[in-house]
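One-letter residues, chain by chain:
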Amino acid sequence: MAEAVVIGAGIGGLAAALALQRRGWAVTVVERAQALEDVGAGLAVAPNAVRALDSLGVGEPVRALAALQGTAGIQRPDGRWISRTDAAAAEARFGEPTVVVHRAALVRVLAEALQPGTLRLGVPASEVSADGVVVTSEGTTTADLVVAADGLRSGVRAKLFPETAGPIYAGVTSWRFIVARPPGELVLSETWGEGKVFGVVGLGDGRVYCYATAPAPPQGSAADERAELARLFGGWHAPIPGLIAAADSVIRTDIRCLDPAPPTFHKGRVALLGDAAHAMTPNLGQGACQAIEDAVVLAAHVRTPDGTSSLSRALAAYSAERVPRTAAVAAASRRIGRMAGLSGAAARLRNTGMLLAGKLGPNLVLRQMDPVLAWRPPG
Ligand SMILES: Cc1cc2nc3c(=O)[nH]c(=O)nc-3n(C[C@H](O)[C@H](O)[C@H](O)COP(=O)(O)OP(=O)(O)OC[C@H]3O[C@@H](n4cnc5c(N)ncnc54)[C@H](O)[C@@H]3O)c2cc1C
């Protein structure tokens, strides 16, 4: 049986392992951390990725983790709407809802779908070569296929694509936290004001996931991140100040992306996948969704792992399909980030344009998402 080694047990690596196992590969996942990711944050899984998860046999358990979202949209800091979308209209258009799940719960669903013994936790890969040799703390293996799903700061990318620059700072930092749902009706929305963003989303376990972004110097931190959020967003519309006050653990992450990504996502027997290949800004909520797409497409191309020449053709086909797709999604995400980051007169002009687009019909707004969300897995 052909053997694959996956480096990294994030969402991308786990999805790739599952996709390859379902195609008959013998898969080992090596993860340097001692435990699977347990970041206290939510994650939007958009219709394109929900369909990909269906093709991996885990769409239903992921849907079961999500809360149904009702009316959503974009508001101003004083609560007035800039644009409204209806989750039902979006679901009707794309055939699937966007589900928002706890990150750790999605990781668990993927990990539990793997064959027992697939995951090797606490095992860093220290050396990877294009001919499939992987050195880990447990020894040296030569794999038919290596999937480098080792994230934003991928050591494999740095070694095999030395001409590609590393991640760059996008100029904004982010905060994420989860709190109990406050009493009363909760309007789920993203609020844009003076270059800053605050988002509120319901989770399936009844809690609320909040995220925020604001321009900041790189590698900054505050003595008290909750107080920092209160300083930046405390004057915004309800329930934002109350949600911030209820937060007891706030995660701060600088937003970094690859711009540009490597020109191909493969070298020899190694395929780059997920953030290792195309880390993007989170404005479209597509980073992990694209990693899941990568996994499904990669496994479809390498489904007959019968020799070097067919593997190299398969990986070339994987790159040919995924490089333009992920570049387009990353560019769309950066565009939304730039729009959300406007302030002053430019922001007022943006708000008027979006209000007008909304009046012309919600379908106009949704249609703009077609290229991203209407994607279907191969076969
Ligand atoms: C604020 C924020 C909000 C976001 N919101 C969304 C969202 O709503 N929807 C969405 O789709 N995306 C979102 N994203 C993006 C998403 O988080 C990432 O795109 C996704 O997690 C990438 O998954 P990955 O598996 O490629 O990488 P990672 O999750 O980074 O996993 C890489 C793994 O590789 C391991 N590793 C690294 N080096 C080695 C080594 N040498 N040996 C062994 N293991 C190694 C690491 O320990 C890690 O576990 C968001 C990102 C941010 C910052």
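See the structure above.
Thresholds, definitions, all that
Residues numbered from 1 in each chain as written. Predicted model: local features only at pLDDT ≥ 70, side-chain atom pairs only at ≥ 80, totals over all residues. Heavy atoms only, no water. Pairing = 2+ DSSP bridges. Helix = DSSP H or I, 4+ residues; strand = E, 2+ residues; numbered from the N terminus. Axes fitted to C-alpha atoms, helices over the stretch in contact; angles between N-to-C directions. Contact = heavy atoms within 4.5 Å. Left-handed = near helix turned anticlockwise from the far one by under 90°. Nonpolar A, V, L, I, M, F, W, Y, C, P; charged D, E, K, R; others polar. Salt bridge = Lys/Arg side-chain N within 4 Å of Asp/Glu carboxyl O. Buried < 20%, exposed > 50% of the residue type's maximum accessible area, 1.4 Å probe, protein only.

Q: Could you give an account of the sheet that holds strand β10 (residues 139-142), naming the residues involved and the relevant values?
A: The strand order across the open sheet built from three strands is β8-β9-β10, with neighbouring strands paired in antiparallel fashion. Each end of this open sheet is capped by a strand with a single partner; those strands are β8 (125-128) and β10. In this sheet, adjacent strand axes meet at a mean angle of 20° when their direction is disregarded. The pairing of β8 with strand β9 (residues 133-136) spans three bridges and is classified as antiparallel. Across the sheet, valine 128 pairs through a bridge with valine 134, a residue of β9.

Q: Break down the sheet that holds strand β13 (residues 189-193) for me, with residues and values.
A: If you trace the seven strands from one edge of the open sheet to the other, you get β5-β4-β13-β14-β15-β12-β16, paired in mixed fashion. Among the strands making up the open sheet, the edge pair consists of β5 (81-86) and β16 (251-257). Neighbour-to-neighbour, the strand axes of this sheet turn through a mean angle of 15°, independent of strand direction. Relative to β13, strand β4 (residues 71-75) runs parallel, the two sharing two bridges. Along β13, the bridge assignment pairs isoleucine 74 with glutamate 190. Sheet contacts for helix α7 (residues 225-233): β12 (168-179), β14 (196-202), β15 (208-215) and β16; angle to β12, the most-contacted strand, approximately 105°.

Q: Quick rundown of the packing of helix α2 (residues 47-55) against helix α10 (residues 287-301)? Include the residues and the values.
A: In the contact formed by α2 and α10, the axes pass within 9 Å of each other and the chain directions differ by 35°. As for how α2 packs across α10, the hand of that crossing is left-handed. Residues Asn48, Ala49, Ala52, Leu53 and Ser55 of α2 form the contact with α10, whose participating residues are Cys289, Gln290, Ile292, Glu293 and Val296. Its residues placed into classes, the contact of α2 with α10 shows six nonpolar, three polar and one charged.

Q: Talk me through the pattern of salt bridges; I want residue IDs and the actual numbers.
A: Counted by the stated rule, this structure contains 16 salt bridges. One salt bridge in this structure joins arginine 207 and aspartate 205, with 2.9 Å as the shortest N-O distance. The salt bridge partner of arginine 334 is aspartate 259, with a shortest N-O separation of 3.8 Å. You can see arginine 334 sitting in helix α11 (residues 308-340) and its partner aspartate 259 sitting in the loop between β16 and β17 (266-267), a full 75 residues away along the chain. By relative accessible area, which is 24% here, arginine 334 ends up partly exposed. Note on aspartate 259: relative accessible area 39%, which makes it partly exposed.

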